[in-house]
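Residue-level structure breakdown
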Amino acid sequence: MLEYWIVVTIGVIVVVAALCLTYLYAESRELRLVRSKYRLKVYEELFHAITDMNVAGADGYKLDRAKKRLAFTLNRLNLVASEEVLRHVNELLDFLNETPEGNFDVLRQLNILNSIVRAARKDLDPASAQAIEASGFRFRFYSPLRE
């Protein structure tokens, strides 16, 4: 009779432990999903801010607002982005600071932006990023002609 209760007690402990582990696994997956969703939103805001800067052109007011938006986005980006994304964003900022008047090499900017997109895709979904990188695909960005 004593062995029966030991087996039942061990069985209950195993079932409770399995349920706890399942719950912890589900919570960790949900947390990763929430983090990825937030990173995606911040990366999206980064590219919106860069597009605003490109569209502003010579309009000082629009350019100032776009730079302010970029600064706010960078504050959040510094908290959630991967090391590789931050490295490429720093490269972009150095590039933008080299030519504050806006007369810069559009091809170099597109190369830097492509690097940021690849790094962000690796951060969010490594499997699809690897497939796109293997294909040599280049992303396009809206960049109107400068006056």
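Structure shown above.
This report concerns the structure included in the present document. Starting from 1, residues in each chain are numbered consecutively following that chain's sequence as written. Side-chain atom pairs in this predicted model are given and counted only at pLDDT of 80 or more, local residue features only at pLDDT of at least 70, and totals for whole chains, interfaces and linings cover all residues. Only hydrogens and water are set aside; all other atoms, that is, all heavy atoms of the structure, feed into the side-chain values.

Within the chain, the regular secondary structure consists of five helices and zero strands. Starting at the N terminus, helices and strands are each numbered in turn, a helix being any DSSP run of H or I of at least four residues and a strand any DSSP run of E of at least two. Starting at the N terminus, the α and β elements of the chain follow one another as α-α-α-α-α. For a compact globule of 147 residues, the expected C-alpha radius of gyration is about 15 Å, and the chain comes in at 24 Å, more than 25% above that figure. C-alpha extents for the chain along the principal axes are approximately 90 × 35 × 20 Å. Accessibility here uses a 1.4 Å probe with only protein chains present; expressed as a share of the type maximum, an area under 20% marks a residue as buried, one over 50% as exposed, and anything in between as partly exposed. Buried residues in the chain amount to 27% of all 147 residues. By the convention used here, residues are in contact when the closest approach between their heavy atoms is within 4.5 Å. A sequence separation of at least 24 residues applies to 63% of the contacts in the chain between residues at least 6 apart. Note on areas: these come from Shrake-Rupley sampling with a 1.4 Å probe, and a residue is covered only by the protein chains present in the view. Carbon and sulfur atoms make up 62% of the accessible area of the chain, which amounts to about 10400 Å² in all. When the 20 basic and 19 acidic side-chain charges of the chain are each reduced to a single mean position, those positions are 3 Å apart. Our radius of gyration is a C-alpha quantity, and the globule rule it is checked against amounts to 2.2 Å times the number of residues to the power 0.38. Only four residue types enter the charge count: Lys and Arg as positive, Asp and Glu as negative, with His and the chain ends excluded. Taken as the charge location is NZ of Lys, CZ of Arg, CG of Asp or CD of Glu.

In this section: helix H4 (residues 106-124). Expected helix span is given by 1.5 Å per residue-to-residue step, counting one fewer step than there are residues. Taking 1.5 Å of rise per residue, 19 residues should cover 27 Å, and H4 covers 27 Å from first to last C-alpha, within 8% of that figure. Within H4, burial applies to Gln109, Ile112, Leu113, Asn114, Ser115, Ile116, Val117, Ala119, Ala120 and Asp123.

Salt bridge, as used here: a side-chain nitrogen of Lys or Arg that lies within 4 Å of a carboxyl oxygen of Asp or Glu. For the structure on display, the rule yields five salt bridges. Of the charged contacts in the structure, one is a salt bridge between Arg39 and Asp123, with a shortest N-O distance of 3.6 Å. Within this pair, whereas Arg39 is found in helix H1 (residues 2-56), its partner Asp123 is found in helix H4, the two being separated by 84 residues in sequence. One exposure class covers both Arg39 and Asp123, and it is buried. Its salt-bridge partner being Lys122, residue Glu84 comes within 3.5 Å of it at the nearest N-O pair.

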